[in-house]
Amino acid sequence: MYGSTPDLGGAMSSYSDMQKAVRVEKVRIWFAWLAGNVIMLMIANATKNVALVSVVTQVLLGTVFVALTVVLFRMTGALNRKAAAARREVLGEDFPG
């Protein structure tokens, strides 16, 4: 109707879809982090009566926990950057060059 007015309806729905997708991916990442740590705790608990295996399992538990936590925060940070870029694009704040 207005020739000079940009159509933001498509961009806003695209941004809304992006927000929903980011939220879903964050839930999946947190679930995978929790599941990985629960599995490692179950393995550590199952091997607690075997002396050498228990020590190895506890070391692996600590290593896996740290690795999963680092991956969790890197992935959520990447998703946050992607969502911020989409928001800037929709709001017109993304000026290339």
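Note that the structure is a prediction, hence the values are computed from the model and not measured.

> Would you explain the environment of lysine 48 in this entry?
Relative to the helices and strands, lysine 48 is located in the loop between helix 1 (9-46) and helix 2 (51-91). Here lysine 48 falls in the exposed class, since its relative accessible area comes to 52%.

> Whenever I open this one, a nonpolar patch on the surface confuses me. Can you help?
Taken together, the side chains of Leu34, Val38, Ile39, Met42 and Ile43 present a nonpolar region at the surface, about 440 Å² in accessible area. Take isoleucine 39: its relative accessible area is 46%, and that puts it in the partly exposed class.

> Explain the pattern of salt bridges here, please?
Once their charged atoms are close, side chains differing in charge can pair, the charge on each being opposite to the other. The tally for this structure, following the rule as stated, stands at 1 salt bridge. Salt-bridge contacts for arginine 28 lead to glutamate 25; the nearest nitrogen and oxygen are separated by 3.1 Å. Note that arginine 28 and glutamate 25 are positioned in helix 1 at a spacing of 3 residues, about one turn of the helix. Given a relative accessible area of 31%, glutamate 25 falls into the partly exposed group.

> How do you make sense of the nonpolar core when you look at a structure like this?
Soluble globular proteins tend to pack their nonpolar side chains together in the buried interior. Residues Val22, Ile29, Trp33, Leu72, Leu79 and Ala83 constitute the largest nonpolar core, which totals 6 residues. Of all the secondary structure elements, the ones that give two or more residues to this core are helix 1 and helix 2.

> Just checking my understanding: could you explain the packing of aromatic side chains for this structure?
To describe a pair of aromatic rings, one takes the distance between the centres and the angle between the planes. Taken as a whole and assessed by the stated rule, the structure comprises 3 aromatic pairs. Plain terms: the ring middles of tryptophan 30 and tryptophan 33 are 5.6 Å apart, the flat faces sit at 75 degrees to each other, and that makes the pair edge-to-face. Of this pair, tryptophan 30 and tryptophan 33 both sit in helix 1, 3 residues apart, roughly one helical turn. The exposure class of tryptophan 30 is partly exposed, given its relative accessible area of 40%. Ring geometry for tryptophan 30 and phenylalanine 73: centres 6.4 Å apart, planes at 85 degrees, overall edge-to-face. Of this pair, tryptophan 30 sits in helix 1 while phenylalanine 73 sits in helix 2, placing them 43 residues apart in sequence. An aromatic cluster is present here, built from Trp30, Trp33, Phe65 and Phe73 joined pairwise through their rings.

> I keep staring at the side chain of threonine 47 and nothing clicks. Help me out?
Here threonine 47 shows up in the loop between helix 1 and helix 2. Of note is the side chain of threonine 47, whose polar atom sits 3.1 Å from the backbone oxygen of isoleucine 43. Setting aside residues up to four positions removed in sequence, threonine 47 forms contacts with Val53, Ser54 and Thr57.

Reading the values: the criteria
- Residues numbered from 1 in each chain as written.
- Predicted model: local features only at pLDDT ≥ 70, side-chain atom pairs only at ≥ 80, totals over all residues.
- Heavy atoms only, no water.
- Helix = DSSP H or I, 4+ residues; strand = E, 2+ residues; numbered from the N terminus.
- Buried < 20%, exposed > 50% of the residue type's maximum accessible area, 1.4 Å probe, protein only.
- Patch = residues over 30% accessible without salt bridge, like charges linked within 9 Å, V, L, I, M, F, W, Y side chains within 5 Å.
- Areas by Shrake-Rupley, 256 points an atom, 1.4 Å probe, with all protein chains shown as cover.
- Salt bridge = Lys/Arg side-chain N within 4 Å of Asp/Glu carboxyl O.
- Core = buried A, V, L, I, M, F, W, Y, C linked by side-chain atoms within 4.5 Å.
- Phe/Tyr/Trp six-rings, centres within 6.5 Å; stacked < 30°, edge-to-face > 60°.
- Polar contact = N/O pair within 3.5 Å; in protein donor to acceptor, adjacent residues only side chain to side chain.
- Contact = heavy atoms within 4.5 Å.

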